[in-house]
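Remarks on the overall topology
Spelled out from the first residue to the last, the chains are:
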Amino acid sequence: MWPELSPAYLAWLGGLLGLMVGSFLNVVIHRLPLMMQAQWASECAEFTAQSTTAGTPEPAPLSLSMPRSACPHCGHNIPWHENIPVLSYLRLRGKCSACGKGYGLRYPLVELFTGVLFYGCVLRWGASYTSLAWCGFSAALLTLVLIDWDTTLLTD
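What counts as what
- Residues numbered from 1 in each chain as written.
- Predicted model: local features only at pLDDT ≥ 70, side-chain atom pairs only at ≥ 80, totals over all residues.
- Heavy atoms only, no water.
- Helix = DSSP H or I, 4+ residues; strand = E, 2+ residues; numbered from the N terminus.
- Rg over C-alpha atoms; globule rule 2.2 N^0.38 Å.
- Buried < 20%, exposed > 50% of the residue type's maximum accessible area, 1.4 Å probe, protein only.
- Areas by Shrake-Rupley, 256 points an atom, 1.4 Å probe, with all protein chains shown as cover.
- Contact = heavy atoms within 4.5 Å.
- Salt bridge = Lys/Arg side-chain N within 4 Å of Asp/Glu carboxyl O.
- Phe/Tyr/Trp six-rings, centres within 6.5 Å; stacked < 30°, edge-to-face > 60°.
- 1 Å grid on protein atoms, 1.4 Å probe; cavity = no way out; pocket = protein on both sides within 12 Å on 5 of 7 lines; lining within 4 Å.
- Points joined across faces, edges and corners; volume = space filled by probe spheres on them.
- Nonpolar A, V, L, I, M, F, W, Y, C, P; charged D, E, K, R; others polar.
- pLDDT = per-residue confidence, 0-100.

1. Looking at the overall build of the protein
Looking only at helices and strands, one finds 4 helices and 0 strands in the protein. If you list the helices and strands of the protein from N to C, you get α-α-α-α. The C-alpha radius of gyration of the protein comes to 19 Å, more than 25% above the 15 Å expected for a compact globule of 156 residues. Each of the three principal axes of the protein carries a C-alpha extent, and together these read 65 × 40 × 35 Å. The 156 residues of the protein split such that 26% are buried. Taken as a whole, the protein presents about 11000 Å² of accessible surface, with 67% of it coming from carbon and sulfur.

Structure below.
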């Protein structure tokens, strides 16, 4: 049914998938600690019977899917064609198309590193469930390492 694909071709497909997963990992690395801190603040306020708003408007709920990706400087919503892993960063020279301020180099590095990890997993184990498991493990480990690098929330 499916044509036989060479291991190198499959590894390149794995690498491309890794670039896309790496783009999502950037969102997880940035938003998950913020979501956890908001939940902790809410639980602490509930426990002490205090209001979390204290005269300030309540921020919009944050999740991994909402709100859309935006420039951290000006809030410009990033359209799909400016959100292509690595290529958009290179095309825009690492800057926002609206305000011109730079994004960090970390975004394309996470995408590239995830792509390399997935490439290596698929090259080593081929198109198998083992490869899929190792890709998932590497993505989770990379995410945890970078969240801990930023926040030191993980225990030693």
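2. Considerations on unusual backbone geometry
Even without being glycine, Val-86 reaches a positive phi, approximately 65 degrees. Mapped onto the elements of the fold, Val-86 is located in the loop between helix 1 (7–47) and helix 2 (87–91). Overall, the relative accessible area of 11% leaves Val-86 in the buried class.

3. A closer look at the environment of Ser-138
Looking at the secondary structure, you find Ser-138 in helix 4 (residues 129–151). When sequence neighbours within four positions are dropped, the list of residues in contact with Ser-138 reads Leu-117 and Cys-121.

4. What about the pattern of salt bridges?
Side chains that differ in charge, positive against negative, can pair when their charged atoms come close. On inspection of all chains with the given rule, the structure shows 1 salt bridge. Among the salt bridges present, the one from Arg-106 reaches Asp-150, with a minimum N-O distance of 2.8 Å. With Arg-106 in helix 3 (residues 106–125) and Asp-150 in helix 4, this residue pair connects regions lying 44 residues apart in the sequence.

5. Here we look at the packing of aromatic side chains
Geometrically, a pair of aromatic rings is defined through the distance of the ring centres and the angle of the planes. One pass over the full model with this rule turns up 3 aromatic pairs. Measuring from ring centre to ring centre gives 5.3 Å for Trp-125 and Trp-134, while their planes differ by 5 degrees; the resulting arrangement is stacked. Trp-134 gets classed as partly exposed once you look at its relative accessible area, which sits at 38%. A network of ring pairs unites the aromatic residues Trp-125, Trp-134 and Phe-137 as a single cluster.

6. Quick look at the layout of surface pockets
Reported here for the largest pocket is a volume of approximately 680 Å³. As for the largest pocket, its lining consists of 29 residues, and the residues nearest its centre are Ser-69, Ala-70, Ile-78, Asn-83 and Tyr-107. Looking at the lining of the largest pocket element by element, the count peaks at 7 residues for helix 1. Classifying every residue of the lining of the largest pocket by side-chain character gives 18 nonpolar, 7 polar and 4 charged.

7. Regarding the confidence of the model for the protein
Regions with low pLDDT carry predicted coordinates that are not meant to be interpreted in detail. In the predicted model, the protein carries a mean pLDDT of 85, and 91% of its residues have values of at least 70. Averaged pLDDT values for the elements of the protein fall to 88 in helix 2 and rise to 95 in helix 4.

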